[in-house]
Amino acid sequence: MTESAPVVSVVIPVFNNRPAVLRALSGELLEALDKLPNPAEVVFVDDGSGDETKRALAGLVDVDARVRVVELVANFGQHAALSAGFEVVRGRIIVSMDADGQSDPRDIPKLIAPLDNGFDMVSGIRRKRQDPAVRQVLSRMVTWFVARMMRVRLLDIGCPFNAFTADVAKSLGRFGELRRFLKPLAVRLARRVTEVEVTHRARPTEEPKSSYSSNRIVRLLM
């Protein structure tokens, strides 16, 4: 526990990510949080990972008291893990991001700045995406389709790097399986929404392939 209650909480779902990648991300993240004007915390949500990941997360907690770990008893999926993290955060500003290192923690100040100007949600827009071309095309198709089905106007629905007020984030857990469409649901709950461009980096070579394969993206769309 930190001496002061955190104002910013970063929630990161983890499932069998490589320890080296987690350590690198944690180091970058804590360095970025050091530059914020307010106290912050990091909540890793272990979504039923194996022992190697559990040991790595335990090591991160030992290194810095701002790091906390929530362990789920089984693999429930990314959106369930995010909801679990949102339930335990202590900050009034919530940032969500993936554990694969493709988001740059140095973008956090830019991502959360609109929340101090009356916005309830800030959606990231991945510019110069480093994903394979096929995945980018399918992602754009999903964005186009979901935006029209749910009447949500966002340029990058699939971006995992976002910021919310605590009220919006904690409300998402009340909607059961609808949390599979976490971002469109958050847009409906938020009163004011904006978007900012964020850096998108290449996936680390030591990380396994994304669980969101082209096949899974199509099945999610269906």
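Above this note sits the structure.
Because the structure is predicted, anything quoted here is derived from the model rather than measured.

Observations regarding the side chain of R126
So, point 1. Position of R126 relative to the elements: it lies in strand 5 (residues 121–127).
So, point 2. What makes R126 buried here is its relative accessible area of 10%.
So, point 3. Here D156 takes part through its side chain, which lies 2.8 Å from a polar atom of the side chain of R126.

So, the packing of aromatic side chains
So, point 1. The final tally for this structure, using the stated rule, is one aromatic pair.
So, point 2. Note on F86 and F164: the rings are 5.8 Å apart at their centroids and 65 degrees apart in plane angle, and the pair reads as edge-to-face. Placement of F86 in helix 3 (residues 78–88) and of F164 in strand 6 (residues 162–165) is noted, with a sequence separation of 78 residues between them.
So, point 3. Positioned above the aromatic ring of F119, the side-chain terminus of R192 is 4.1 Å from the ring centre.

A short note on unusual backbone geometry
So, point 1. Even without being glycine, N16 reaches a positive phi, approximately 55 degrees.
So, point 2. Topologically, N16 is positioned in the loop between strand 1 (8–14) and helix 1 (19–34).
So, point 3. Classification of N16 as partly exposed rests on a relative accessible area of 32%.

What to know about the pattern of salt bridges
So, point 1. Under the definition given, this model contains 14 salt bridges.
So, point 2. E41 serves as the salt-bridge partner of R90, at 3.0 Å between the closest nitrogen and oxygen. Taken together, the positions of R90 in the loop between helix 3 and strand 4 (93–96) and E41 in strand 2 (residues 40–46) put the pair 49 residues apart, joining distant regions of the chain.
So, point 3. For R90, a relative accessible area of 29% gives the class partly exposed.
So, point 4. Classification of E41 by relative accessible area gives buried; the value is 0%.
So, point 5. For D104, the salt bridge goes to R106, with nearest N and O atoms at 2.9 Å.

A short note on the sheet that holds strand 4
So, point 1. If you trace the seven strands from one edge of the open sheet to the other, you get 3-2-1-4-6-5-7, paired in mixed fashion. The open sheet terminates on both sides in strands that have one partner only, identified here as strand 3 (67–71) and strand 7 (193–199). Direction aside, neighbouring strands of the sheet carry axes that sit 20 degrees apart on average.
So, point 2. Across the face of the sheet, helix 2 (residues 51–63) comes into contact with strand 1, strand 2 and strand 3 while running at roughly 150 degrees to strand 3.

A look at the packing of helix 1 against helix 2
So, point 1. Orientation of helix 1 relative to helix 2, taken along the N-to-C sense of each, is 25 degrees, at an axis distance of 9 Å. The orientation of helix 1 with respect to helix 2, classified from their angle, is roughly parallel. You can see that helix 1 and helix 2 cross each other, and the crossing is right-handed. Residues P19, L22, R23 and S26 of helix 1 pack against E52, T53, A56, L57 and L60 of helix 2.

A short note on the environment of D167
So, point 1. Looking at where D167 falls in the secondary structure, it is placed in helix 6 (residues 166–171).
So, point 2. Residue D167 is classed as exposed on the basis of its relative accessible area, which comes to 63%.
So, point 3. Through-space distance from the C-alpha of D167 to that of A190 is 8.9 Å; in sequence the pair is 23 residues apart.

Describing helix 1
So, point 1. For helix 1, spanning 16 residues, the distance from its first C-alpha to its last is 22 Å, which sits close to the expected 22 Å at 1.5 Å a residue.
So, point 2. Taken together, the buried residues of helix 1 touch strand 1, strand 2, helix 2, strand 3 and helix 4 (108–112).

Each value, and the rule that gives it
- Residues numbered from 1 in each chain as written.
- Predicted model: local features only at pLDDT ≥ 70, side-chain atom pairs only at ≥ 80, totals over all residues.
- Heavy atoms only, no water.
- Helix = DSSP H or I, 4+ residues; strand = E, 2+ residues; numbered from the N terminus.
- Buried < 20%, exposed > 50% of the residue type's maximum accessible area, 1.4 Å probe, protein only.
- Polar contact = N/O pair within 3.5 Å; in protein donor to acceptor, adjacent residues only side chain to side chain.
- Phe/Tyr/Trp six-rings, centres within 6.5 Å; stacked < 30°, edge-to-face > 60°.
- Lys NZ or Arg CZ within 6 Å of the ring centre and 35° of its normal.
- Salt bridge = Lys/Arg side-chain N within 4 Å of Asp/Glu carboxyl O.
- Pairing = 2+ DSSP bridges.
- Axes fitted to C-alpha atoms, helices over the stretch in contact; angles between N-to-C directions.
- Contact = heavy atoms within 4.5 Å.
- Parallel < 35°, antiparallel > 145°, perpendicular 65-115°, else oblique.
- Left-handed = near helix turned anticlockwise from the far one by under 90°.
- Expected span 1.5 Å × (residues − 1).

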